[in-house]
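# Architecture at a glance
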Amino acid sequence: ATAAIGVTGLGVMGRNLARNFARNGYTVAVHNRTAGRTRALVEEFGHEGAFVPAESAADFVAALERPRRLMIMVQAGAVTDAVIEEFAPLLEPGDMIIDGGNAHYADTRRREESLRERGLHFVGAGVSGGEEGALNGPAVMVGGSSESYDVLGPMFESISAKVDGEPCATHIGTDGAGHFVKMVHNGIEYADMQLIAEAYDLLRQVAGYTPAEIAGIFRTWNEGRLGSYLIEITAEVLAHTDAATGRAFVDVVADAAGQKGTGRWTVQTALDLGSPVTAIAQATFARAASGQRELRAAYAGLPGGTTPPLSRTEATRFTSQVEHALYASKVIAYDQGWKMIQDAAGEFGWKIDLGAVARIWRGGCIIRASFLDRIRAAYAADPDLVSLLGEMEFAMEITDAQVPWRETVASAARRGIPVPAFSAALAHYDTLRAERLPAALLQGQRDYFGAHTYGRTDRPGAFHTHWAEPGRPETSA
Ligand code: NDP
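Residues numbered from 1 in each chain as written. Predicted model: local features only at pLDDT ≥ 70, side-chain atom pairs only at ≥ 80, totals over all residues.

Summing up its helical and strand segments, the chain has 20 helices and 12 strands in all. What you see for the chain is a C-alpha radius of gyration of 26 Å, in line with the 23 Å of a compact globule of 477 residues. Counting only residues that meet the buried cut, the chain has 46% of its 477 residues in that class. Considering only contacts in the chain between residues 6 or more positions apart, those separated by 24 or more positions represent 67%. (Helix = DSSP H or I, 4+ residues; strand = E, 2+ residues; numbered from the N terminus. Rg over C-alpha atoms; globule rule 2.2 N^0.38 Å. Buried ≥ 20, exposed ≤ 12 C-beta atoms within 10 Å, placed from the backbone. Contact = placed C-beta atoms within 7 Å.)

Turning our eyes to something else, we now look at the confidence of the model for the chain. Scored by pLDDT, the chain comes out at a mean of 97, with 100% of its residues at no less than 70. Reported confidences for the modelled complex are a pTM of 0.97 and an ipTM of 0.98. (pLDDT = per-residue confidence, 0-100.)

So, on to helix α9 (residues 211-222). With 12 residues, α9 extends 16 Å between its outermost C-alpha atoms, agreeing within 8% with the 16 Å of an ideal straight helix rising 1.5 Å per residue. Restricting attention to buried positions, one finds in α9 the residues Pro-211, Ile-214, Ala-215, Ile-217, Phe-218 and Trp-221. Take α9 and look down its axis: the buried residues cluster within an arc of 160 degrees, on one side only. Against α8 (177-205), α10 (229-239), α11 (249-252) and α15 (312-348) lie the buried residues of α9. (Expected span 1.5 Å × (residues − 1). Arc of directions from axis to C-beta.)

One can describe the packing of α15 onto helix α18 (residues 392-415) by two numbers: an axis separation of 7 Å at closest approach and a directional angle of 125 degrees. By the angle class used here, α15 and α18 are oblique. In this structure, α15 crosses over α18, and the sense of that crossing is left-handed. In contact with Ser-320, Gln-321, Val-322, His-324, Ala-325, Tyr-327, Ala-328 and Val-331 of α15, α18 contributes Phe-394, Glu-397, Ile-398, Ala-401, Pro-404, Trp-405, Glu-407, Thr-408 and Val-409. In terms of residue class, the contact of α15 with α18 is built from 11 nonpolar, 4 polar and 2 charged. (Axes fitted to C-alpha atoms, helices over the stretch in contact; angles between N-to-C directions. Parallel < 35°, antiparallel > 145°, perpendicular 65-115°, else oblique. Left-handed = near helix turned anticlockwise from the far one by under 90°. Nonpolar A, V, L, I, M, F, W, Y, C, P; charged D, E, K, R; others polar.)

Bringing the domain arrangement of the chain into the picture now. For the chain, the domain assignment lists domain 1 (5-175), domain 2 (182-433) and domain 3 (439-476). Spacing between the C-alpha centres of domain 1 and domain 2 amounts to 33 Å. The interface is formed by 22 residues belonging to domain 1 together with 18 residues belonging to domain 2. Class assignment of the residues belonging to the side of domain 1 that touches domain 2 gives a composition of 9 nonpolar, 11 polar and 2 charged. (Domains from an automatic or database assignment.)

Below you can see the structure in the form of structure tokens.
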């Protein structure tokens, strides 16, 4: 046995990860259900490094050095379970199965527990960066035991993206923590994309700019604090002309957004945890709503707001407002994601270094941005930071954004342009800063119809008012 790692499932991702390991000097055993893919990989890329092709499961396992490291790159769900069951019986105590697919963290927790009972390490590893990242440097969010990370860590760190010489891979926490954090990454990605899309829509409809002009605005923003992979590709997409029609590409694309499910998982999980990730939720629902063609057709033409078109000077001013609104909303959306990770860590007993999460997202993944370096620094300065708004610079920026942020959301409302993510982020901010919330009234309503009891501001305890019996004193439950 000579292989430091084995990869089974040589589809788009598995093939590129295997090549990435090989290019980094690891001997890689490769296996695929359909052996043709294994042969093709070695024929085409065998010169890149040391591959050990295996056609049978037994040969594959026999090729691995002990403790064996066997990485599965197949579809999440039942396929992953089937592949685990194919290999687990061939392994010995101390061996490691790594699932690099997009598994739901709850499945990873279940699999880890059951394989642990069989003496195996099960490592759920979130791999971000798509096909290109898998080959040239993904961000890798690794779960499982710290014992397994002692062995696997150097390997993942070597194949991962690097920013300022630091690898974009780390041990997030035990069992499903890696897949959980990958899921939240995708949720934040949904929010960031929606916020950018709303900014575009406002620049288009309120300021009256063309897609090409907006591409230029995004290019400028990309040089500043909003600089990120997503802003950069947004400029590219907006500048693109459709070859068939000669029109702006964005004008010939059907306006119904797809989704593969990680945003939905984030929102579902957030509801269970009681984590208000409202910007992520609105972004996920915005995609769903965009696809409701019949409903949209039924409502099309109903009255909305109007405002006179902006002059060129006003449009320039408005653009700067939108930049503030986008930035402030982005801070809130990311803060919501980090808080959700903290909530999950409490729930599942994970010890998560929140700064390290920001550090490994600086490269390799879709939300990569210099902005994440500031989040990393904020947690480095104060590991117990409750909110990003507790950090001085972020707090100052949010203070500066107050008028333009509110003006942007107000302009959208006056003009009848939906900005669900901007609005949700602003409402979240106002919720957090409010001295009193109308939740007190909700408690009264709940006590009235359901005797659910309420707390008081002046003394401790739970109380119930006898609503149907005026004059009877409240009772303390
Ligand atoms: P592909 O569809 O390209 O490849 C799927 C692989 O799974 C193939 O090797 C296929 O083998 C194998 N497979 C399917 N069914 C079975 C089965 N029943 N038993 C054994 N092997 C099976 O998928 P990707 O590489 O795109 O994705 C792999 C995983 O990585 C997924 O979990 C995905 O969500 C995740 N991922 C994908 C990203 C992407 O950008 N594509 C990004 C990050 C994660 P065969 O050749 O025999 O059909």
